[in-house]
Amino acid sequence: DRIALTLAAIAKNERAAMPEWVAWHRLQGFDRLAVVDNGSTDGTAEYLEALAQLGLCEVLHIGKCDGFQVHAYQQLLALPSSAAAVLCFVDLDEFVVSDRSGCSAGMLLRQAFADPTVGAVGMNWRLFGSNGRRTGGAEPVTQRFLTHASDTTHSINLHIKTAVRVRSCRRFYVHNALIDENARYLDGALADAQFIDHPRTRQPVARATAFTARAGGALRVHHYVIKSEQEFEAKAMRRSVDAAIPL
């Protein structure tokens, strides 16, 4: 049977970013979206509900709580429609990509999860900066920003984001999953992941951390964390306003 791939995320006031993000991942082979709307006021919720009417998205609305992000992810994993699926958890400024010619990210993920022993795939970040841009633009994010931090020399790119087989997942954190004892955790090269400490921490490695030794592989998550100076400042302002609103 064809493996169902679901893109899972939390969204708040991301209406401008949604069309490109949705279109990109549909073209990469993801079947549907599962999104928690976190109190959007800019039309994001309405956009997601319109996608839901087309059968492309399932939307949850969850009130604020301690540990909101992990709680929201657990709710997405608990959806009945998620039970037989693989959920890939990313943010709205992250794009799952394939560096292998002729293969989409969806094709590579289905290849990995076709092995029933595979419980999760951790994909390294590829972090993009402003590329010297001061203002936003009409071009897609994936075309405006082409220069990124080195895959091999910048420790930030040791971070992973994870796609997990729901039935193998015991608990999901922000970047990584705790999976069944006998399940395999692969990296972006579809080899068994080797988890490490972050270079700046002295804490010992647990069973799984959010960092892998191999900062590479065909599967990556392009993280457009800054975009232009104008867009970065607008994002910082939104976060400042959110922090000032009492729970």
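Up top is the structure these notes are about.
Residues numbered from 1 in each chain as written. Predicted model: local features only at pLDDT ≥ 70, side-chain atom pairs only at ≥ 80, totals over all residues. Heavy atoms only, no water.

Draft legend 1. Main features of the side chain of Glu94. Looking at where Glu94 falls in the secondary structure, it is placed in strand β5 (residues 94–98). Look at Glu94 and you get buried, because its relative accessible area is 0%. Of the polar contacts made by the side chain of Glu94, one reaches the side chain of Lys161; its length is 2.6 Å. Ignoring sequence-local partners within four residues, the contact set of Glu94 consists of Trp21, His25, Trp125, Lys161, Val221, His222 and His223. (Helix = DSSP H or I, 4+ residues; strand = E, 2+ residues; numbered from the N terminus. Buried < 20%, exposed > 50% of the residue type's maximum accessible area, 1.4 Å probe, protein only. Polar contact = N/O pair within 3.5 Å; in protein donor to acceptor, adjacent residues only side chain to side chain. Contact = heavy atoms within 4.5 Å.)

Draft legend 2. Seen up close, helix α1 (residues 18–27). All buried positions along α1 are accounted for by Met18, Trp21, Val22 and His25. All buried residues of α1 fall inside an arc of 95 degrees around its axis, so they share one side. Each element contacted by the buried residues of α1 is listed here: β1 (5–11), β2 (32–37), α2 (44–53) and β5. Phi turns positive, to about 105 degrees, at Gly29, one or two residues after α1. (Arc of directions from axis to C-beta.)

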